[in-house]
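# Secondary and tertiary structure notes
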Amino acid sequence: MRTCWRASEATAWFLAALAGAGLALALSSCGGFDHLTRVQSSIPLSKDCAACHVDIAREWTASPHAAAWSSPDFRAASNGYRFSACLPCHAPEPAWSSPTPAVARAGDRQEGVTCVSCHLEPATAESPAAMAGPLPPTGMVSPHPVTVRPERYRDAAFCGRCHEGTYRQWRQAAQADKPPCQQCHMPAIRRKMTQSTGGISGLLVAMEKAEMERRHTFDPLPRSLEAPPVTLSARRQDEQIELVLRNRLPHAIPAGEFGFRVCVLRVEDESGPLAQQELSAHGGTAVPAGGELRWRLDRRDPGAWPARLRVRLAKLHPDGRASEWFVLEVPVP
């Protein structure tokens, strides 16, 4: 009985593999997916990629890259898109492998920094158009050509083509074994490259192999860091408390040089808010990579010292909103 069951199971797997192979042959001989790598009057849209890369597209949709063009902050910072120097990095042409500076595309700018901005290599006289990425395909079918370039997609310079100020700070940081941008802003995850389900799609995905890749969240305030981005210490200094904040990141806080880049530090004790200070890239108060901020605070009660201080760091937006990044506590000796 067990032998028969195993034979039936093997037969089922064989038939599935045979069907997959036939499907692969059929798909590889048709042109039904050529729109994914074709750039004519418009670019392949994110919804075209989302049909197969479901989870990746969902992450990108909620990311700052998806809103790079349409966000109110960028519209205001670019004076209603009049500052042409800002446009190439907020709606770039799909020519990321080129060493030349980014160029703003003519259409579909509402897509922002979309899938093809980073992954499409347009056709040249030497090679056909292909989607590029860090990992080789593991499925039986490749609906579009794939170019594998792990060195490019794991290099901070790839992000530095647009994030020039932050990349300059990263290069100048003296830290040993400093992580590239992708390590902090694209958390690692093990999954299959495609995540579509149902029908033929489910069969094809089932034949893929899960690999370690990166989430497409591009969060400017990463919450999955192995350790807090700063260290804190406090000590009594005469009639004050000296708070020392040291930046552990390989770039400044706040990072970068362009646009509105302001963070606010808020300090409180058990009774509530005690003081706050703005950190600004343009105001000269940003904390550089490996640098420290020393801040003297007056005691709230002359007769007692607080047992602990709580520090909150938040990113400010031009409209006054604040996005809190982290909260740390430190004892007062």
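Rules used in this analysis
Residues numbered from 1 in each chain as written. Predicted model: local features only at pLDDT ≥ 70, side-chain atom pairs only at ≥ 80, totals over all residues. Heavy atoms only, no water. Phe/Tyr/Trp six-rings, centres within 6.5 Å; stacked < 30°, edge-to-face > 60°. Helix = DSSP H or I, 4+ residues; strand = E, 2+ residues; numbered from the N terminus. Buried < 20%, exposed > 50% of the residue type's maximum accessible area, 1.4 Å probe, protein only. Contact = heavy atoms within 4.5 Å. Disulfide = S-S within 2.5 Å. Pairing = 2+ DSSP bridges. Salt bridge = Lys/Arg side-chain N within 4 Å of Asp/Glu carboxyl O. 1 Å grid on protein atoms, 1.4 Å probe; cavity = no way out; pocket = protein on both sides within 12 Å on 5 of 7 lines; lining within 4 Å. Points joined across faces, edges and corners; volume = space filled by probe spheres on them. Nonpolar A, V, L, I, M, F, W, Y, C, P; charged D, E, K, R; others polar. Axes fitted to C-alpha atoms, helices over the stretch in contact; angles between N-to-C directions. Core = buried A, V, L, I, M, F, W, Y, C linked by side-chain atoms within 4.5 Å.

Between two aromatic rings, the relevant description is the distance of the centres plus the angle of the planes. Per the counting criterion, the structure on display carries 6 aromatic pairs. A centroid spacing of 6.0 Å and a plane angle of 15 degrees characterise the contact between Y167 and W170, whose relative ring orientation is stacked. Placement of both Y167 and W170 in helix α8 (residues 164-172) is noted, with a separation of 3 residues, approximately one turn of the helix. The structure contains a cluster of three or more aromatic residues connected by ring pairs, namely W69, F74 and Y81.

Relative to the helices and strands, E211 is located in strand β5 (residues 211-214). In this structure E211 comes out as partly exposed when scored by relative accessible area, which is 25%. The sequence separation of E211 and K192 amounts to 19 residues, and the corresponding C-alpha distance is 6.1 Å. Not counting residues within four places of it along the chain, the set of residues in contact with E211 comprises L135, T138, I189, R190 and R191.

Across all of its chains, the model carries 1 disulfide by this definition. The partner cysteine of C89 in its disulfide is C162, sulfur to sulfur 2.1 Å. What sets the handedness of the C89 and C162 disulfide is the S-S torsion sign, and at about -95 degrees it is left-handed. In this pair, C89 sits in the loop between α4 (72-77) and α5 (115-119) while C162 sits in the loop between α7 (156-160) and α8, placing the two residues 73 residues apart along the sequence. Judged by its relative accessible area of 23%, C89 is partly exposed. With no disulfide of its own, C118 lies closest to C159 among cysteine sulfurs, the gap being 8.0 Å.

In this section: the sheet that holds strand β2 (residues 130-133). One open sheet holds the 3 strands; their spatial order is β1-β2-β3, and the pairing between them is mixed. A strand with exactly one partner marks an edge of an open sheet, and here the two such strands are β1 (120-121) and β3 (146-148). Sheet topology note: the β2/β3 ladder contains 3 bridges and is parallel. Pairing of A132 across the sheet is with T147, part of β3.

Counted by the stated rule, this structure contains 19 salt bridges. R235 serves as the salt-bridge partner of E242, at 2.8 Å between the closest nitrogen and oxygen. Residue classification places R235 among the partly exposed positions, given a relative accessible area of 42%. For E329, the salt bridge is made with R310, and the minimal N-O distance between the two is 2.8 Å. In this pair, E329 sits in strand β12 (residues 322-331) while R310 sits in strand β11 (residues 308-316), placing the two residues 19 residues apart along the sequence. E329 sits in the partly exposed class, given a relative accessible area of 40%.

Attention shifts here to the layout of surface pockets. Any empty space left between the atoms is revealed when a probe the size of a water molecule rolls over them. Estimated volume of the second largest pocket: approximately 350 Å³. P179, Q183, C184, L225 and E226 are the residues nearest the centre of the second largest pocket, which is lined by 17 residues in total. A per-class count over the lining of the second largest pocket returns 10 nonpolar, 3 polar and 4 charged.

Before going further, it helps to examine the sheet that holds β12. Across the sheet, which stays open at both edges, the 4 strands sit in the order β9-β8-β11-β12 with antiparallel pairing between neighbours. The outermost strands of the open sheet, each flanked by one partner alone, are β9 (272-280) and β12. In this sheet, neighbouring strand axes are inclined to one another by 20 degrees on average, regardless of whether the strands run parallel or antiparallel. Note: strand β8 (residues 262-269) against β11, 7 bridges, orientation antiparallel.

Grouped together as the largest cluster of nonpolar side chains are 25 residues, with contacts concentrated most on L243, L265, L279, L309 and L313. Sorting the residues of this core by element identifies β6 (230-237), β7 (240-247), β8, β10 (292-298), β11 and β12 as the ones contributing at least two each. The contacts of L279, once residues within four sequence positions are left out, are I253, P254, R261, V262, C263, L265, T285, V287, L293 and L313. A68, C118, A132 and Y153 belong to the second-largest nonpolar core, a separate cluster that totals 6 residues.

A few words now on empty space enclosed by the protein. Tallying each qualifying case throughout the model produces 1 cavity of 30 Å³ or more. When its volume is computed, the largest cavity comes out at roughly 30 Å³. Residues belonging to the lining of the largest cavity are distributed by class as follows: 6 nonpolar, no polar and no charged.

Here the amide bond leading from I253 into P254 is cis, since omega sits at -5 degrees, within 30 degrees of zero. By secondary structure assignment, the location of P254 is in the loop between β7 and β8. At N79, a position not held by glycine, the phi torsion is positive, near 55 degrees. Note on placement: N79 falls in the loop between α4 and α5. By relative accessible area, which is 37% here, N79 ends up partly exposed. Positive phi values are uncommon outside glycine, yet Y81 reaches one of about 70 degrees. By the secondary structure assignment, Y81 is in the loop between α4 and α5.

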